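Summary of the model geometry
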2 protein chains.
Amino acid sequence: MDLFSQFIRNIKDRYLFTKNDRLLLAVSGGIDSVVLTALCRKAGFDFAIAHCNFQLRGAASDADESFVKTLADQFEIPCFGIRFNTKDFALENKLSTQEAARELRYRWFEDIRKVEGFDYILTAHHANDNVETVLMNFFRGTGINGLTGIKEKNGAIIRPLLFAKRKELEDFLEKEGLAFVQDESNLKNDYTRNFIRNAMFPQMAAIYPEVENNLIANIGRFKEVDRLYGEAINRHKKKLALQKGAEIHIPVLLLQRSVAPSTILFEVIKGYGFGAGQLPEVQCLLESESGHYVSSETHRVIRDRKHLVLAPLQPAEKTRIVIDGAGRYDFDGGHLMIRTAAYEGGKIPQELDRAWLDAKEIHFPLILRPWKTGDYFYPLGMEKKKKVSRFLIDTKRSLTEKENTWVVEMNKKIIWIVGQRIDNRFRITGHTKNIMEISCNE
Amino acid sequence: MDLFSQFIRNIKDRYLFTKNDRLLLAVSGGIDSVVLTALCRKAGFDFAIAHCNFQLRGAASDADESFVKTLADQFEIPCFGIRFNTKDFALENKLSTQEAARELRYRWFEDIRKVEGFDYILTAHHANDNVETVLMNFFRGTGINGLTGIKEKNGAIIRPLLFAKRKELEDFLEKEGLAFVQDESNLKNDYTRNFIRNAMFPQMAAIYPEVENNLIANIGRFKEVDRLYGEAINRHKKKLALQKGAEIHIPVLLLQRSVAPSTILFEVIKGYGFGAGQLPEVQCLLESESGHYVSSETHRVIRDRKHLVLAPLQPAEKTRIVIDGAGRYDFDGGHLMIRTAAYEGGKIPQELDRAWLDAKEIHFPLILRPWKTGDYFYPLGMEKKKKVSRFLIDTKRSLTEKENTWVVEMNKKIIWIVGQRIDNRFRITGHTKNIMEISCNE
């Protein structure tokens, strides 16, 4: 069967999409995406192409862009293009160039898809990309999921060429006499890929001539193993992860007697902010005394006699106190005093327990309540919002301090982290005429 | 914790053996096995060492042998040695040198163990051997089991150093100031290992500095995944592999709707002589008409309307005929004639349908029955036993001939594969006084 027939058959057999779907093709101009474009055109699909210029390789990047535009013109298909300041975006967001490019690319594709009414985004990943991804996962360390490779369908993203080898795409391109650009990149990920592709693979093929087919077949097998694994894990979770209100209780002895204690434990906690790196620490709790615990950003695993208890970092809201005017308000952490006064440009108090805010910006009622996951605010002096959880970590609060942190909130906006920091939007400015003072435990 | 403490702890924690067990150490004289010897000596274990000279490297092999003997003398521990004509054995048995050496080695260790009353055989495989084995499996193509590495305890064989890295063994050796030999080999397996060890690993470590630890951690995880996988497979087998007398029935539709059709199908049939290479062919039966089938040495998978039926190549024993003295015995394949006579050193007949046996070795009753899976005998001229299934393949019998093969058995020992080969233990020798002649269809 030729590549085109296989392409059509695979889409049909695997229910990837139908002829009625509108498709957006991610096209770099390299061999793979040019082949995908040609195949979709030959099939008469309803599609457009989208090209990102990441501006990482100067004139070469611009040349790729022109190539893709010419290709689109020639084929008479709509083409979307964009230029990214990838380096800046990476710096601003503390991402690697690789991560930044990926983030920008997929976000933009998704935007066009929604705005322009496409059903799916198609990428040209093929079998060799898939094998390389699996090998990278393997060497980086992985569970079974990392051996199943790139997902063929993931939300609105479809990779309809995963069945095909690079060689098959090259042969097709040559036969069709199509032009393409050489995709040159020195991103870390591509560097590793290129090493695996150009150095490791030929060496392995000299020893195992079938290595390419073997690794492709591995992926097929591991996909099935992963599904069987998922079944087994779900079965164990039913017995070993017992929901009790907001908590999950894990019976230690039963877990230890199971066939796969570490794996099951990790599968239970990983949805709650715990990374694989924390697993050894959590496993120590199996041998520890009651009261020991390990925390993620949002949760905690506590050893409690015969159980590990997985619980949200702060217990469900203790209470909410409505502040409906000046006066004294008692709460778990003590009491607040609220008063207003004219502001005459005097020095703003530096004590953490006393907040001065611009009264013009504030109206009653206010709410006094413990902070919770998902809370954010604009810390005094910052233009950007910040998660309260992150703020508490950055200011090195102890676990108890975190638990006893309260906030004053107006209309869903936090105006003060009690005893710690006010929100920038409510600060005293040159225009402030009246202040609202909130003090704690005075 | 130092290597010695880890060694002791690991043996205890993993219940590998106790201080009362008598151990036989496989010692090549290389770093790993010298360390194992030193550790066992330091621990005060009751052990001896065994060294194989495979005579593959001329004087170098003999030098290794001397080194090990000197080591044993120096430590005052018993030492067993043997020289193998590995190349000849490989040729005779159509094995690679690698396979031959392995076969010879483990068989000999097991012989000594039984004869000399040792409890366990210890080998010095370590964490890096394990990682290399897993990588070799990965590149050759594997299921989940191949990612779990070398078994720590497998029957009487124990590998108590799998927890340790090569570097740790080298450091120990240096600290203890022990000598060793350089193990140089050009066996295929070792060639691949050396490539992985000396070429691929350093390259990967330049990209992923933690690659060694990552791959070791992978093995731990995949061991647990493998156990969960085993659970899931057993559960599916209960529903999808229905025992009906000597047959197993697999409902096609249910199998196809399961989460892992190929994997489950393979797990059902693999115990019956089917290799992974035959799986695609067997999978075709899921789409084929009734009557199509695929055979292994001993079994057949037949498409039978809504089922795949896994059945022994010959239907359950057609019959058993008891031979309780000289005379004629009719059976499905014709008839046998039994007679005895004095042997006067005449020429032994060469017709396959006429067997001459040493009457002194035989007593009635004999059983005449179709051969079955698991049957073995000592083919005339061979010192080694052989499976009848293998014998039928090696002598290139057709499917029908295999199905119509009968054997004559005495007290669970096969004495004749009817019309094909007698058993070596019952052959005519210089001491034979009387012969028993069995002829078929004369």
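Predicted model, so just to flag it, every value in this text is computed and none were measured.

A short note on the overall build of chain A
- In terms of helices and strands, chain A carries 14 helices and 22 strands.
- For a compact globule of 442 residues, the expected C-alpha radius of gyration is about 22 Å, and chain A comes in at 29 Å, more than 25% above that figure.
- Relative to its full complement of 442 residues, chain A shows a buried share of 48%.
- Put simply, 66% of the contacts in chain A that link residues at least 6 apart link residues at least 24 apart.
- For chain A, the exposed area adds up to about 22400 Å²; of that, 49% sits on carbon and sulfur atoms.
- Distance between charge centroids for chain A: 4 Å, based on 65 positive and 59 negative side chains.

Description of the nonpolar core
- If you look at the biggest cluster of nonpolar residues, it comprises 87 residues, and the most contacted ones within it are Leu135, Phe139 and Met200 of chain A together with Leu135, Phe139 and Met200 of chain B.
- Leaving out residues up to four positions away in the same chain, Met200 of chain B has contacts with Phe139, Met200 and Met204 of chain A together with Leu135, Phe139 and Phe195 of chain B.

Re the environment of Ile11 of chain B
Residues and elements named next belong to chain B.
- Summarising the element assignment, Ile11 is placed in helix α1 (residues 3-13).
- Since its relative accessible area comes to 4%, Ile11 is described here as buried.
- The sequence separation of Ile11 and Phe75 amounts to 64 residues, and the corresponding C-alpha distance is 22 Å.
- Those residues within four positions of Ile11 in sequence are excluded, and the remaining contacts are Leu16, Phe17, Phe45 and Pro160.

A closer look at the pattern of salt bridges
- Enumeration according to the criterion identifies 59 salt bridges over all chains in this entry.
- The salt bridge involving Glu403 of chain A is made with Arg300 of chain A; its shortest N-O contact spans 2.7 Å. Of this pair, Glu403 of chain A sits in helix α14 (residues 399-403) while Arg300 of chain A sits in strand β10 (residues 299-304), and the two are 103 residues apart along the sequence.
- Given a relative accessible area of 26%, Glu403 of chain A falls into the partly exposed group.
- Across the pair Glu65 of chain B and Lys69 of chain B runs a salt bridge whose closest N-O atoms are separated by 3.6 Å.

Notes on the packing of aromatic side chains
- As enumerated under the stated definition, the model contains 25 aromatic pairs over all chains in all.
- For the pair Phe138 of chain A and Phe139 of chain A, a centre-to-centre distance of 6.3 Å together with 75° between the ring planes defines the contact as edge-to-face.
- The exposure class of Phe138 of chain A is buried, given its relative accessible area of 1%.
- We classify Phe139 of chain A as buried; its relative accessible area is 0%.
- Taking the centre distance of 4.4 Å and the plane angle of 5° together, the rings of Phe138 of chain A and Phe138 of chain B count as stacked. Residue Phe138 of chain A is located in helix α6 (residues 127-140), and its partner Phe138 of chain B is located in helix α6 (residues 127-140); the two belong to separate chains.
- Ring pairs connect the aromatic residues Phe138, Phe139 and Phe222 of chain A together with Phe138, Phe139 and Phe222 of chain B, which therefore count as one cluster.
- Here the guanidinium or amino end of Arg41 of chain B rests over the ring plane of Phe75 of chain B, the centre of that ring lying 4.2 Å away.
- Its end group placed over the ring of Phe4 of chain B, Lys42 of chain B keeps NZ or CZ at 5.1 Å from the ring centre.

As for the sheet that holds strand β19 (residues 406-410) of chain A
Residue and element names in this part refer to chain A.
- Across the sheet, 5 strands lie side by side as β12-β16-β19-β20-β21; this open sheet has antiparallel pairing. Every other strand in the sheet has two partners, leaving β12 (321-323) and β21 (421-422) as the edge strands with one partner each.
- Sheet topology places strand β20 (residues 413-417) next to β21; 2 bridges connect them, and they run antiparallel. Across the sheet, Ile417 pairs through a bridge with Arg421, a residue of β21.

Things to note about unusual backbone geometry
Residues and elements named next belong to chain A.
- Pro365 follows Phe364 through a cis peptide bond whose omega is 0°.
- Examined against the element boundaries, Pro365 turns out to sit in the loop between β15 (354-358) and β16 (366-370).
- With phi around 50°, Gln55 is a residue other than glycine that occupies positive phi space.
- As for its position among the elements, Gln55 is in the loop between β2 (46-53) and α3 (59-75).
- The class of Gln55 is partly exposed, set by a relative accessible area of 35%.

What about the interface of chain A and chain B?
- Residue-level contacts link 42 residues of chain A with 42 residues of chain B.
- Both faces combined, the contact of chain A with chain B buries some 4000 Å², and carbon together with sulfur accounts for 68% of it.
- Contact with chain B buries area across many residues of chain A, yet Phe138, Phe139 and Leu228 of chain A alone supply 19% of it, more than any other trio.
- Joining chain A to chain B, the criterion identifies 0 salt bridges.
- Our count for the chain A to chain B interface comes out at 18 residue pairs in polar contact (both at pLDDT 80 or more).
- When contributions to the side of chain A that touches chain B are tallied by element, the ones reaching two or more residues are α6, α8 (188-207), α9 (211-240) and α11 (261-269) of chain A.
- Of the residues forming the side of chain A that touches chain B, the biggest block, 16 residues, is contributed by α9 of chain A.
- Looking at the side of chain A that touches chain B residue by residue, the class counts come to 25 nonpolar, 10 polar and 7 charged.

Re the packing of α9 of chain A against helix α9 (residues 211-240) of chain B
- Between α9 of chain A and α9 of chain B, the shortest axis-to-axis distance is 8 Å and the interhelical angle comes to 90°. Classified by the angle their axes make, α9 of chain A and α9 of chain B are roughly perpendicular. Along the contact surface, α9 of chain A presents Val225, Leu228, Tyr229, Glu231, Ala232, Ile233, Arg235 and His236 of chain A, while α9 of chain B presents Val225, Leu228, Tyr229, Glu231, Ala232, Ile233, Arg235 and His236 of chain B.
- When the residues that make up the contact of α9 of chain A with α9 of chain B are grouped by side-chain class, the tally is 10 nonpolar, 2 polar and 4 charged.

Description of the UniProt feature "binding site: ATP" (unreviewed entry) in chain A
Residues and elements named next belong to chain A.
- On the UniProt side, "binding site: ATP" (unreviewed entry) is annotated at positions that read Ser28, Gly29, Gly30, Ile31, Asp32 and Ser33 here.
- With respect to the helices and strands, the residue Gly30 is situated in the loop between β1 (22-26) and α2 (31-43).
- In contact with Gly30, not counting residues within four places along its chain, are Phe180 and Val181.
- Residue placement: Ile31 occurs in helix α2.
- Those residues within four positions of Ile31 in sequence are excluded, and the remaining contacts are Leu169, Glu170, Leu173, Phe180 and Val181.

Describing the sheet that holds strand β5 (residues 153-154) of chain B
Residues and elements named next belong to chain B.
- One open sheet accounts for 6 strands, arranged β3-β2-β1-β4-β6-β5; its pairing is mixed. Bordering the open sheet on either side are β3 (79-83) and β5, each of which pairs with just one other strand.
- Where strand β1 (residues 22-26) meets strand β4 (residues 120-122), 3 bridges bridge the pair, whose relative direction is parallel. Counted as the bridge partner of Leu23 is Tyr120 from β4.
- Along the sheet face, helix α5 (residues 97-116) touches β1, β2 (46-53), β3, β4 and β6 (157-158) and points at about 145° away from the line of β2.

Re the domain arrangement of chain A
All names here are of chain A.
- We note that the domain assignment places domain 1 (3-215), domain 2 (241-312) and domain 3 (321-440) within chain A.
- With 5 residues of domain 2 at the contact, the number on the domain 3 side is 6 residues.
- Together, the buried faces of domain 2 and domain 3 total about 420 Å²; carbon and sulfur atoms form 48% of this surface.
- Three residues, Glu297, Thr298 and Arg300, lead the burial of domain 2 against domain 3; their summed loss comes to 84% of the area buried on that side.
- Each residue belonging to the side of domain 2 that touches domain 3 can be placed in one class, and the counts come to 1 nonpolar, 2 polar and 2 charged.

How each quantity is defined
- Every chain begins its residue count from 1, and numbering advances along the sequence as written.
- All chains are assigned letters beginning at A, and all ligands numbers beginning at 1, according to the order in which they are written.
- It should be noted that, the model being predicted, local features are given only for residues of pLDDT at least 70 and side-chain atom pairs only at 80 or more, the latter also being counted only at that level, while totals for whole chains, interfaces and linings use all residues.
- Note: side-chain values were computed over all heavy atoms of the structure, leaving out hydrogens and water.
- In this description a helix means any DSSP run of H or I spanning at least four residues, a strand means any run of E spanning at least two, and both kinds are numbered starting from the N terminus.
- Two things to know: the radius of gyration comes from C-alpha atoms, and the globule rule equals 2.2 Å times the number of residues to the power 0.38.
- Working definition: with a 1.4 Å probe on protein chains only, accessible area under 20% of the residue-type maximum means buried, over 50% means exposed, and in between means partly exposed.
- Any two residues whose heavy atoms approach within 4.5 Å are treated as being in contact.
- Areas reported here follow the Shrake-Rupley algorithm with a probe of radius 1.4 Å; residue values treat only the protein chains shown as occluding.
- Charge convention: Lys and Arg are scored as positive, Asp and Glu as negative, and His as well as the terminal groups of each chain are ignored.
- We put the charge of a Lys on NZ, of an Arg on CZ, of an Asp on CG and of a Glu on CD.
- Nonpolar core, defined: a set of buried Ala, Val, Leu, Ile, Met, Phe, Trp, Tyr and Cys residues in which side-chain atoms within 4.5 Å join the residues together.
- Whenever Lys or Arg places a side-chain nitrogen within 4 Å of a carboxyl oxygen from Asp or Glu, that contact is recorded as a salt bridge.
- Here a Phe, Tyr or Trp ring, Trp counted by its six-membered ring, pairs with any other such ring whose centre lies within 6.5 Å, and the pair is stacked when the planes are under 30 degrees apart, edge-to-face when over 60, and tilted otherwise.
- Put simply, a charge is over a ring when the Lys NZ or the Arg CZ is close to the ring centre, within 6 Å, and near the line of the ring normal, within 35 degrees.
- What makes two strands pair is DSSP finding at least two bridges between them.
- What counts as buried area is the accessible surface, traced by a 1.4 Å probe, that two parts surrender upon association, with contributions from both included.
- The definition of a polar contact used here is a pair of N or O atoms within 3.5 Å, where within protein one atom must be able to donate a hydrogen and the other to accept one, and adjacent residues in sequence count solely through side-chain atom pairs.
- The residue classification treats Ala, Val, Leu, Ile, Met, Phe, Trp, Tyr, Cys and Pro as nonpolar and Asp, Glu, Lys and Arg as charged. All others, Gly included, are polar.
- Axis definition: a line fitted to C-alpha atoms, over the contacting stretch in the case of helices. Angles run 0 to 180 degrees between N-to-C directions.
- Any angle from 65 to 115 degrees is called roughly perpendicular, while one under 35 is roughly parallel, one over 145 is roughly antiparallel, and all others are oblique.
- UniProt positions are given in the numbering used here, feature names are shortened, and annotations may be inferred rather than shown by experiment.
- The start and end points of each domain follow an automatic or database-based domain assignment.

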